[in-house]
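Topology and contacts: notes
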Amino acid sequence: MIDETLALYSDVLVYSAMAVYTLAFLAFTVDLSRQGRAVGGARASAADRESRLVPTAASPASAPAPSASTPPVLGESDSLITAGEGGDGLAGDGVGAGGGPRRAAGVAVSLTRLAVAVHAAAVLLRGLSAGRAPWGNMYEFAVTGAAVVGVVFVALLAVTSRRGLDLRYLGTFVVGPVLLTLGLAVSVLYTESARLVPALDSYWLVIHVSVAFVSSALFTIAFSASVLQLVQGRREAAVAAGRPPRRGAFMAALPPSRELDRAAYRLIAVSFPLWTFTLVAGAIWAEVAWGRYWGWDPKEVWTFIIWVVYAAYLHARSTRGWEGNRAAYLAIAGYACVLVNFGGVNVLVPGLHSYAGIG
Amino acid sequence: MADLDTRPREDAGDVRQPHLGPLGLARFAWRQLTSMRTALFLLLLLAVAAVPGSVLPQRDADPAAAARFLDENPGTGPWLDRLGLLDVYASPWFSAIYLLLFVSLVGCVLPRTRAHLAALRSRPPRTPRRLERMPEHRQDEVDGDVDQVLTAARRVLRSRRFRLRDDGDAVSAERGYLRETGNLAFHLALVGLLVAVATGGLLGYRGQVVVPVGEGFANSLSRYDTFDPGTWFDPVDLPPFRFTLDSLSVSFEESAGGNQFGQPRDFEAQVTLVRAPGDASEQVTLKVNEPISAGGAHIYLAGNGYAPVITVRDGNGDVAYSGPSVFLAQDNAYTSTGVVKVTGARPEQIGLRGTFLPTASANPEGFPVSVFPDARDPVLLLQAYTGDLGLDDGVPESVFSLDLEGLTEVTGDGGRPWLTALRPGQTAQMPDGAGSVTFERVERFAGLTVRSDPTKGAALVFAVLAMLGLVASLFVPRRRVWVRAVAGPAPGRTLVQVAGLARGEDAGLAREVEQVAAALSAPLAAGADVSTGGREH
Ligand code: HEM
């Protein structure tokens, strides 16, 4: 019943994807460091900091020049997309911070697309080999989950760049974790392709888990943005205090912290309803499989905790005194819970959901 | 931008405390409890409070594990228990947190609902004097007089689904009331969900029963091995179904290696069901993800295992017992343990304690173990006790353990405990004429859960409402747009200001304002280039 040849091809493709991801990761990193150097050089003085907010040479010629006399902003109504129309100092359309084309970033994106395609093929073959959805044990969760992160990131790049916006700065921070996850999967979690245990043998597995994957992928990318937001915020504070930081020049290539904050919010705002759906679909499945829709099983507890923490994040962003950095800490805490839920609970805590298939 | 909000205000008034009487104090406390900051704090507290229940064994989910934990931790265990940490989700402190959160929620949402209903009935607010201070603002000079421009503005805004208010030299417009409606629906649906879950727990019940293949079950309280009724449950509500377990087929992984070997693959029971006395019987299939419904209750296949069929002859040579005994699986290879209590044995009662190995082998230390969960080479290991089983004193006894008090272990050569290993069909004589034990064959049993939750449909409806509300709340943009027209410097020319304000993050506000401005420039100034118009400042 298990097609072992397909399973073998799947394994080979996972290793191939890892190789290509590694190259993509290097290319993204090279791009970041080049950008950082270029931007850093262009802004030796703290006074130049303003140029990050008001476009200068760094902004693509295609964008209309915004008003320099725009009155003070009253609320958070400007956005990633307006920013993309020229409101920020982000380099778009392959134009580097120094004015030159970002060849490394272009290469990195192409490599990422290739790696994601290979990776997706590996997931597909794994599923075909067992004749079921490829998420029946920890190894498959990890490999498929990482693939979803890759696909979502590539799709985000495509969508946002059409709107004149450049998210490539996130590349290192998305491809890196994907690569780590795959490494962990093949070295620690590896499990032979096999059929499902009866409790998992349900179409709810497909509905519940696939949405959980997409949601977690968005949380992952939002997490990267939140971490960068905090680092960038600290850097901005240092620059404002007249102490330009010596290290981490690449951060200068990234958008200002307000922009990263907004990016994280957008991603979480999309992901939160998906996670809510995951929670509800999981409850329905539990009702069908175990005769109760909620039983405080460890997996259920952590799914609930994640939901509550991100609800708190959404609240925080509209509570005075909690916007910005404090909200970012909450988003990071929420992602820590996602990791606990995926890693810790599956392996360490016994419960009805212990399908890790390892150990 | 506060007046776009029906959210509670977080103003400094909360902090200032003028002279407070009892009423003032109560009002102050209420305002604190229903503030966004408190809601945030309680949400985080709820998340933290939920953690220990996922780490420590919980009495509710796994009473045996909780009891074991108490045994193993005689020092800290009782303290943790007293703090409710072994029953977190029913503990007073956990309940206090979520009840406070929901009180806060209601206190926060009701005034907002009132404000929102008022906003729905009233016109958009007046146009601010200084539109250029709004987050989005465009200004342009167009052909046409003030009236023409305002008429066009009304047309444009209405076609963009704004509600309008004529405001002298300006038009004030607002859209996206659904955002607040959705947000309120979301929060109120959470209250509904909590109420549905709570009443379901009060009205419903959950029972568990183990049924060997070939045996039947008639739904009544006395037949359950464990039964958890809700406080308001009435036993006459038990639906009068009965069924017989005809067969149970089970298969395990045999081809894949590694940790997948021996994993369960299929559990499937065939059941003859009679839904109510007098109904015709039906053949139904019961599987893990496919419960049977019968008279408002659902029957779930929750577990399975082996029930060796054992015959015991007592010291007088009479058959004192014969039938299947349920042995519970202890590991993935279904090494199972169980007991047989032969109360009818004479001259003394007999108790048997055994281990069942579906596929017997010896581990490296020479102990017998099971190596595969299917019954390939079944072996039954038994020890025997004689004496008083202690079943007559009325204290409820577990059917899975022997109370050794009052029993004497049967010993063999040299006073060592008598131990026998039987294959199906084999019989062992106990020493000293105490009787004999025959392992006839092995049957499987099904562990069944019967559950009724009359409010689960309501819970689902509220959950779906909450999701719909949430999506509206996050993705419907709530925007105000103002258009003001003032006679321009040259005759026949008009100065147009377009400004926008949004609630929360709104990626599309700039585009909206841009497009309204462009639409106002285009038709009036025939032939004007829309794409470059409207960008002068
Ligand atoms: C069970 C507890 C609660 C949960 C799970 C919860 C969840 C949420 C979520 C996910 C949002 C985001 C939707 C959006 O931004 O439009 C939200 C918004 C909101 N919540 Fe709650 N909430 C809870 C309790 C409360 C309480 C007690 C209050 C009042 C103090 C409150 C007031 C608000 C307000 C005013 C918003 C809108 C924020 C905005 O529009 O920016 N919530 N809530």
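Here is a short report on the structure shown in this document. (Residues numbered from 1 in each chain as written. Chains lettered and ligands numbered in written order. Predicted model: local features only at pLDDT ≥ 70, side-chain atom pairs only at ≥ 80, totals over all residues. Heavy atoms only, no water.)

As a further point, take the overall build of chain B. Secondary structure assignment for chain B yields 10 helices and 24 strands. Taking 537 residues into account, the globule formula puts the C-alpha radius of gyration at 24 Å, and chain B, at 37 Å, lies well above it. Excluding contacts between residues fewer than 6 apart, the proportion of contacts in chain B whose partners are at least 24 apart in sequence is 63%. About 25,700 Å² of surface is accessible on chain B, with carbon and sulfur atoms providing 56% of the total. Chain B carries 52 positive and 61 negative side-chain charges, and their two centres are separated by 15 Å. (Helix = DSSP H or I, 4+ residues; strand = E, 2+ residues; numbered from the N terminus. Rg over C-alpha atoms; globule rule 2.2 N^0.38 Å. Contact = heavy atoms within 4.5 Å. Areas by Shrake-Rupley, 256 points an atom, 1.4 Å probe, with all protein chains shown as cover. Lys, Arg positive; Asp, Glu negative; His and termini not counted. Charge placed at Lys NZ, Arg CZ, Asp CG, Glu CD.)

Attention now moves to the environment of arginine 102 of chain A. Residue and element names in this part refer to chain A. Summarising the element assignment, arginine 102 is placed in the loop between α3 (80–87) and α4 (103–130). Residue arginine 102 is classed as buried on the basis of its relative accessible area of 9%. Considering only alpha carbons, one finds arginine 102 and arginine 34, 68 residues apart in sequence, at a separation of 8.8 Å. (Buried < 20%, exposed > 50% of the residue type's maximum accessible area, 1.4 Å probe, protein only.)

For the rest of this paragraph, the subject is the site of the ligand. In the neighbourhood of the ligand, 25 residues make up the surrounding shell, with His315 of chain A together with Cys108, His187, Ser473 and Arg503 of chain B lying closest. Nearby residues place the ligand at the junction of chains A and B. Note that a nitrogen atom of the ligand is positioned 2.8 Å from one of the side-chain N or O atoms of histidine 187 of chain B. At a separation of 2.9 Å, an oxygen atom of the ligand approaches a polar side-chain atom of arginine 503 of chain B. No other element matches helix α6 (residues 92–121) of chain B, which puts 5 residues into the shell around the ligand. Classifying every residue of the shell around the ligand by side-chain character gives 14 nonpolar, 8 polar and 3 charged. (Near = heavy atom within 4 Å. Polar contact = N/O pair within 3.5 Å; in protein donor to acceptor, adjacent residues only side chain to side chain. Nonpolar A, V, L, I, M, F, W, Y, C, P; charged D, E, K, R; others polar.)

Turning to the packing of aromatic side chains, a few remarks are in order. Residues and elements named next belong to chain B. On inspection of all chains with the given rule, the structure shows 25 aromatic pairs over all chains. Aromatic side chains phenylalanine 356 and phenylalanine 439 sit 6.2 Å apart centroid to centroid with 85° between the ring planes, which places their arrangement in the edge-to-face category. With phenylalanine 356 in strand β15 (residues 349–357) and phenylalanine 439 in strand β22 (residues 435–452), this residue pair connects regions lying 83 residues apart in the sequence. Summarising the burial analysis for this pair, phenylalanine 356 and phenylalanine 439 share the class buried. (Phe/Tyr/Trp six-rings, centres within 6.5 Å; stacked < 30°, edge-to-face > 60°.)

With that out of the way, let us pick up helix α4 (residues 63–72) of chain B. Residue and element names in this part refer to chain B. Among all positions in α4, only Ala65, Ala66 and Phe69 are buried. End-on, the buried residues of α4 take up no more than an arc of 100°, which puts them together on one face. More than 90 degrees from the buried face of α4, the exposed residues found are Pro63 and Asp71. (Arc of directions from axis to C-beta.)

What follows concerns the coordination of the iron atom of the ligand. In this structure, His315 of chain A (NE2) and His187 of chain B (NE2) serve as the protein donors to the iron atom of the ligand, at separations of 1.9 to 2.0 Å. Between the 6 donor atoms coordinating the iron atom of the ligand, the angles at the centre fall across 78 to 177°, so the site counts as octahedral. Within this pair, whereas histidine 315 of chain A is found in helix α9 (residues 298–316), its partner histidine 187 of chain B is found in helix α8 (residues 177–203), the two belonging to separate chains. Note on histidine 187 of chain B: relative accessible area 11%, which makes it buried. (Donors = N, O, S within 2.8 Å, 3.2 Å for Na, K, Ca; no water. Tetrahedral: all angles 85-135°; square planar, octahedral: opposite > 155°, others 65-115°.)

For the rest of this paragraph, the subject is the sheet that holds strand β9 (residues 282–287) of chain B. Pairing between sheet strands relies on hydrogen bonds along the backbone, with the strands arranged either parallel or antiparallel. All names here are of chain B. Across the sheet, which stays open at both edges, the 4 strands sit in the order β5-β7-β8-β9 with antiparallel pairing between neighbours. Both outer strands of the open sheet, β5 (216–218) and β9, are each paired with one neighbouring strand and no more. Each strand axis lies, on average, 30° off the axis of its neighbour in the sheet, ignoring direction. (Pairing = 2+ DSSP bridges. Axes fitted to C-alpha atoms, helices over the stretch in contact; angles between N-to-C directions.)

On to the pattern of salt bridges. All names here are of chain B. Taken as a whole and assessed by the stated rule, the structure comprises 32 salt bridges over all chains. Residue aspartate 167 pairs with arginine 126 through a salt bridge whose shortest N-O separation is 2.8 Å. A residue pair is termed long-range when its members are at least 10 positions apart, and aspartate 167 in strand β2 (residues 163–167) and arginine 126 in the loop between α6 and β1 (136–143) qualify at 41 residues. Owing to a relative accessible area of 8%, aspartate 167 belongs among the buried residues under this scheme. Among the residues examined, arginine 126 registers a relative accessible area of 57% and is labelled exposed. Notably, a salt bridge pairs glutamate 268 with lysine 287, separated by 3.8 Å at the nearest N-O pair. (Salt bridge = Lys/Arg side-chain N within 4 Å of Asp/Glu carboxyl O.)

Let's shift gears to the sheet that holds strand β23 (residues 479–487) of chain B. All names here are of chain B. Ordered by their spatial adjacency, 5 strands build an open sheet running β1-β24-β23-β3-β2, and the pairing between neighbours is antiparallel. Whereas interior strands pair on both sides, the edge strands pair on one side only; in this sheet they are β1 and β2. The average angle at which neighbouring strand axes cross in this sheet is 15°, direction not considered. Taken together, the 9 bridges between β23 and strand β24 (residues 493–502) define a ladder with antiparallel strand orientation. Residue valine 483 lies in a different strand from β24, and its bridge partner there is valine 498. Along the sheet, helix α7 (residues 146–159) contacts β1, β2, β3 (170–175), β23 and β24; its crossing angle with β23, the most-contacted strand, is approximately 165°.

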